[in-house]
Every structure is written in structure tokens, then in C-alpha cells.
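# Chains, contacts and geometry: an overview
Residues per chain are reported as follows:
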Amino acid sequence: MNASRIVRLALALAGATLVGRNASAQEGSGDGYLFGAPHGSVAFRAGYAAPRAGSDLFSFVTNELSLRRADFGAFSAGADVALRLRPQLDLVLSADLDGMNKKSDFREWQDDSGNPIEQTTSFARQSFAANIRYYLRPTGRSLGRFAWVPALYAPWVSAGVGRTHYRFHQQGDFVDFANGNAVFPDEFSSSAWGMTPQVAAGLDWNVTPRFFLTTQAKYLWGKADLGVDFSGFSPIDLSGLGLTGGLAIRF
């Protein structure tokens, strides 16, 4: 799944919440206010993902190959659909993806001609989650029966659970340590789903009655089984930190 599919997913979820609502004045905005409190929001985010890379597969490739744990960090993109449950409480459906692709070679080994033994390693994650978000202060205030004025900023915390799909792939030349250190070309791949609980904290900054900026720091925990290409290794670590920011629209 790529970023465009995540955007389409978020738009579809948001559109479903708007079915049956019209474009009347209750959804319009006035001079610094909305006609009625919003029912939710849609946000699009981008930033940086830093996988923990804590399992033995990551230890093996960073010890044997010219990779560092920091090399598994990558650009990330995400989208949220938030549905207002109470004035300071939202249900948030989120989708995030990140991925890296990096060339490497064996640290201690060369081929018979003295050339590097090179390969490419990629690691990608796609996460889908449902979270409960609690705002630490009101997101706005009502004026009379109809007008709603957004707060300048609103900090929040959240917790939830989701599932993360990963793909770990290597292609190139490798050393067969069990067969006289022979060099051979090959391709190794594994993908699966894992359960990933998560927590996050963030801050929303108002721009207009309809739009606001949002930032967040999210940490998820989890692991998933590896395929037969990586038999003998423990489940792969899916945990890590994500830092993102973006633009959101109230509806």
C-alpha cells in the first residue's frame, strides 16, 4: 500500500461520516467561528519513523553488513479520521506507512577478487489503528446556540491498538558461512501482520475555523513472525517511534 491509497482510505472514511449531512449554514463558517461544534476532523501527516530494530535479525544484519540501526529510519506518511464522542474525547482511526531501502556490503568479507560483497536491504511497515484521544483542554467554546469558536491550541494524549504489516527484503550477494564461506547470489523476503498497541501525544494549532495544524509523537510496540527465508531468527521487532505533523480539516 502506498501513500496515495492511505489518502484515499482517509477520504473514504471521512466521506462515510458525512453521508446524510447537507451543505447548510450549520457546516459553514462565520467570522472566526463555525455554525455549531464540529463532528470530527480529517488529518494528513508526514514526518519521520524510527524503528527500534531490536530483534536478533536486525542485530545480525547490522553486525555482518555495513548497516546501522539508524539506517532503518525513514520518511513516513499517515492520515487520521477523528470522530467526536464527547467535547474533549475523540475516536481516531489512523493509517501510517514508512519504509527504507539501502545498499550495503559485508563488513569483514570480500569475494575472491577482493571486491565488496554487496546487497540491498529494505524494511517497510504499514500500520492501521483505532485510538481514543483525550484533549487536555477544551478544543473550543460555544457562543450562544449556534456559534463555536476554536481554541488557539489544544494538547492531547491517546492510546489504542492496531495491526502492522511489515516486509523485510534482501537481494544481492551473500556469504554461506556453513559452506566454506562461499559467495552466492540470492533473494530473501518475509512479510506478515502483528498486533501493535500504541500511545501518542500531540498538539493541535488553530489556523482558521475550519483548518488546524497538528503534530504528534507516537510509539508502538509489537512483533511478528518471520518467514522460512529467515528461519532460526526470533520474531521481528515492529516497535518504534514516529514524529509527524500535518494539516487537518474539521467537519
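Definitions and cut-offs
- Residues numbered from 1 in each chain as written.
- Predicted model: local features only at pLDDT ≥ 70, side-chain atom pairs only at ≥ 80, totals over all residues.
- Heavy atoms only, no water.
- pLDDT = per-residue confidence, 0-100.
- Contact = heavy atoms within 4.5 Å.
- Helix = DSSP H or I, 4+ residues; strand = E, 2+ residues; numbered from the N terminus.
- Salt bridge = Lys/Arg side-chain N within 4 Å of Asp/Glu carboxyl O.
- Buried < 20%, exposed > 50% of the residue type's maximum accessible area, 1.4 Å probe, protein only.

## A look at the confidence of the model for the protein
This prediction gives the protein a mean pLDDT of 90; 88% of its residues lie at or above 70. Note on residues 13-31: pLDDT is under 50 here. Beyond four places in sequence and across chains, it has 23 contacts.

## Topic: unusual backbone geometry
Backbone geometry places Ala53, a non-glycine residue, at a positive phi of 50°. Secondary-structure assignment places Ala53 in the loop between β2 (40-51) and α2 (56-64). One non-glycine residue, Asn181, lies in positive phi territory at about 60°. Tracing the chain through its elements places Asn181 in the loop between β8 (153-176) and β9 (182-206).

## Considerations on the pattern of salt bridges
Applying the stated criterion across every chain, the model contains seven salt bridges. The shortest N-O distance in the salt bridge between Asp96 and Arg45 comes to 3.0 Å. One end of the pair, Asp96, is in strand β4 (residues 89-110); the other, Arg45, is in strand β2, with 51 residues separating them in the sequence. For the pair Asp96 and Arg45, one class covers both residues: buried. Overlapping salt bridges bring together Arg45, Asp80, Asp96 and Lys218 as one network.

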